[in-house]
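Descriptive structure summary
Each chain is listed here by its residues.
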Amino acid sequence: MDSPTWAGDPVNLGGLMSQNGDDPEQRQQASEADAMAATFRASEHQHIRYNPLQDEWVLVSAHRMKRPWQGQVEPQLLKTVPRYDPLNPLCPGATRANGEVNPHYDSTFLFDNDFPALQPDAPDPGPSDHPLFRAEAARGVCKVMCFHPWSDVTLPLMSVPEIRAVIDAWASVTEDLGAQYPWVQIFENKGAMMGCSNPHPHCQVWASSFLPDIAQREERSQQNYHSQHGEPLLLEYGRQELLRKERLVLSSEHWLVLVPFWAVWPFQTLLLPRRHVRRLPELTPAERDDLASIMKKLLTKYDNLFETSFPYSMGWHGCRETKGAS
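Because the structure is predicted, anything quoted here is derived from the model rather than measured.

1. What about the UniProt feature "active site" (unreviewed entry) in the protein chain?
Residues annotated in UniProt with the feature "active site" (unreviewed entry) correspond here to H202. Relative to the assigned elements, H202 resides in strand β6 (residues 202–208). For H202, a relative accessible area of 10% corresponds to the buried category. H202 has contacts with L90, V144, M145, C146, F147, E188 and C196, leaving out every residue within four places of it along the chain. A polar side-chain atom of H202 sits 2.6 Å from the main-chain carbonyl oxygen of H200.

Structure follows, in structure tokens:
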């Protein structure tokens, strides 16, 4: 499995003089000829890889993994999270910042974010006085979803039926908000180093009146691929990765987990359905069961990497809701 990283050290390409007075152009041609004659190995030679979803190229310099490393090492966490804290605003029965009291929930719990990044009634900024200073209206809804009533569990520590309940809640809120907005983004930032402000297991749900840039590029790229090749881009990509078996992490009856060919983040994975599914509400009961199972296996593998509760950012990307407001 490739572990691509960004090459970050500048290289001085000038200032060297030949001892025998060879012409610089001849030396460059000879060097290029030697490079072409060498056998390419992805783990040894830098190269760029194409990301068909984002229509961009990424630099892979895997040989830099051999360099000495003296980076930061996090100490082992000694603090334990209490199962229930009446002062934690995400716990059942606790009072939140706006004065509302949470119900004594025993599964998932969805509520409006008390500090939303998007609001449905924000005013329009109006016309710009210069093309370099443009602003447009952004409206939407932000919700928080608690996965479990206990604060000392995470998705990999939950049972498969409990994870299945989370998936059903994801599908339900996607369908509900998708009736009003063209884009519904579900994401989880797990761990303090990923910006999570509360250890209670939860995620965010943002519905917006606009399509984010990344989603726009993914939609455009997939539409172009389908028009050229007659099949969904990610469906063909999943089939190719199954055949090559170079970056496959997990597979099940309905799902694949793989390291994308264009990965740029350490331990980056892509979770794909084996059939063409546009958004979470379209998943069958069997696919939801299987998704809960493979998610538990994947996230357990993450925890076992460094024998700690692994921090990550996770998000679901589907097709835009065509009936949403603009």
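2. Some words on the sheet that holds strand β10 (residues 312–316)
With antiparallel pairing, the 5 strands of this open sheet are ordered in space as β3-β4-β6-β5-β10. One side of each edge strand has no neighbouring strand; the edge strands of this open sheet are β3 (109–112) and β10. The mean inter-strand angle of the sheet, taken between neighbouring strand axes irrespective of direction, is 25 degrees. Two elements, β3 and strand β4 (residues 140–146), share 4 bridges in a ladder whose sense is antiparallel. By the bridge assignment for β4, L110 is matched with M145.

3. Here we look at helix α5 (residues 285–305)
For α5, built from 21 residues, the straight-helix expectation of 30 Å at 1.5 Å per residue is met to within 8% by its first-to-last C-alpha distance of 31 Å. Check the buried side of α5 and you find it contacts α2 (160–178), β5 (183–190), β7 (248–251), β8 (255–258), β9 (270–273) and β10.

4. Some words on the environment of M314
Following the sequence through the fold, M314 ends up in strand β10. In this structure, M314 is in contact with W170, I186, F187 and E188, ignoring residues within four places of it in sequence.

5. Observations concerning the pattern of salt bridges
A complete count under the given rule lists 17 salt bridges for this structure. Two residues, D152 and R83, come together in a salt bridge whose shortest N-O distance is 3.1 Å. Residue D152 is found in the loop between β4 and α2, and its partner R83 is found in the loop between β2 (56–60) and β3; the two are separated by 69 residues along the sequence. Classification of D152 as partly exposed rests on a relative accessible area of 28%. Put simply, R164, D168, R288 and D289 are held in one network by salt bridges that share partners.

6. So, the pairing of β7
As paired elements, β7 and β8 share 3 bridges and run antiparallel to each other. From the neighbouring strand, S251 faces β8, where its bridge partner is L256. Hairpin connection, β7 to β8: the antiparallel pair is bridged by 3 residues.

7. Comments concerning the state of the cysteines
A covalent bond between the sulfur atoms of two cysteines is what we call a disulfide. Taken as a whole and judged by the stated rule, the model has 0 disulfides. The closest cysteine sulfur to the non-disulfide-bonded C146 is located on C91, 8.2 Å from its own sulfur.

8. Focus: the side chain of E188
If you trace the backbone, E188 turns up in strand β5. One polar contact links E188 to Y312, side chain to side chain, over a distance of 2.7 Å. Those residues within four positions of E188 in sequence are excluded, and the remaining contacts are F147, L155, H202, C203, Y312, S313 and M314.

9. With respect to helix α4 (residues 233–244)
For α4, with 12 residues, the first-to-last C-alpha span of 17 Å sits near the 16 Å given by 1.5 Å per residue. Along α4, the residues that are buried comprise L233, L235, E236, Y237, G238 and E241. Where α4 is buried, its residues contact α3 (213–229), β8 and β9. In the stretch just after α4, K245 is the one whose phi turns positive, near 55 degrees.

10. Observations concerning the nonpolar core
Ranked by size, the top nonpolar core spans 37 residues in total, and within it L155, W170, I186, L291, M295 and W316 carry the most contacts. Counting only elements with at least two residues in this core, the list comes to β4, α2, β5, β6, β8, α5 and β10. Considering every element that reaches this core, the biggest residue donor is α2, with 8 residues. The residues contacting I186, other than those within four sequence positions of it, are W170, V173, T174, C203, Q204, V205, L280, M314, G315 and W316. Listed in part, the 8 residues of the second largest apolar core include L53, L233, Y237 and L256.

11. Let's talk about the packing of aromatic side chains
One pass over the full model with this rule turns up 12 aromatic pairs. When the centroid spacing of 5.8 Å and the interplanar angle of 85 degrees are considered together, the rings of F267 and F306 count as edge-to-face. Within this pair, whereas F267 is found in the loop between β8 and β9, its partner F306 is found in the loop between α5 and β10, the two being separated by 39 residues in sequence. Here F267 falls in the partly exposed class, since its relative accessible area comes to 41%. Counting every residue linked through ring pairs, the aromatic cluster contains F147, W170, W255 and W316.

12. Quick word on the packing of α2 against α5
Packing of α2 against α5 leaves a shortest axis separation of 8 Å and a crossing angle of 120 degrees. In terms of orientation, α2 and α5 fall into the oblique class. Read as a crossing pair, α2 and α5 show a hand that is right-handed. Of the residues in α5, those touching α2 at V160, I163, R164, I167, D168, W170 and A171 are P285, R288, D289, L291, A292, S293, M295 and K296. The residue makeup of the contact of α2 with α5, split by class, is 9 nonpolar, 1 polar and 5 charged.

What counts, and where the lines are drawn
Throughout this document, residue positions are counted from 1 along each chain, in the order its sequence is written. Reporting in this predicted model follows two pLDDT cut-offs: at least 70 for local features of residues, and 80 or more for side-chain atom pairs to be given and counted; totals over whole chains, interfaces and linings ignore these cut-offs and use all residues. Just so you know, side-chain values use all the structure's heavy atoms and leave hydrogens and water out. UniProt positions are given in the numbering used here, feature names are shortened, and annotations may be inferred rather than shown by experiment. Numbering of helices and strands runs from the N terminus; a helix is a DSSP stretch of H or I covering at least four residues, while a strand is a stretch of E covering at least two. We call a residue buried when its accessible area falls under 20% of the maximum for its residue type, exposed when it is over 50%, and partly exposed in between, using a 1.4 Å probe and counting protein chains only. Working rule for contacts: check all heavy atoms of both residues, and any pair within 4.5 Å makes them a contact. In protein, a polar contact requires one atom able to donate a hydrogen and another able to accept it; more generally it is a pair of N or O atoms within 3.5 Å, and residues adjacent in sequence count only if both atoms are side-chain atoms. If DSSP finds at least two bridges between two strands, the strands pair. Note on geometry: axes are lines fitted to C-alpha atoms, helical ones only across the stretch in contact, with angles between N-to-C directions running from 0 to 180 degrees. Helix span, expected: 1.5 Å multiplied by one less than the number of residues in the helix. Should a side-chain nitrogen of Lys or Arg be within 4 Å of a carboxyl oxygen of Asp or Glu, the pair is scored as a salt bridge. Criterion for a disulfide: a pair of cysteine sulfur atoms within 2.5 Å. Take the buried Ala, Val, Leu, Ile, Met, Phe, Trp, Tyr and Cys residues and link them wherever side-chain atoms come within 4.5 Å; each set so joined is a nonpolar core. Any pair of Phe, Tyr and Trp rings, taking the six-membered ring for Trp, is counted once the centres come within 6.5 Å. Such a pair is stacked with planes under 30 degrees apart, edge-to-face with planes over 60 apart, and tilted for the rest. Angle categories are assigned with fixed cut-offs, so that under 35 degrees is roughly parallel, over 145 is roughly antiparallel, 65 to 115 is roughly perpendicular, and the rest are oblique. Left-handed describes a crossing in which the near helix is turned anticlockwise from the far one by less than a right angle; the clockwise case is right-handed. When residues are grouped by polarity, Ala, Val, Leu, Ile, Met, Phe, Trp, Tyr, Cys and Pro land in nonpolar, Asp, Glu, Lys and Arg in charged, and all others, Gly among them, in polar.

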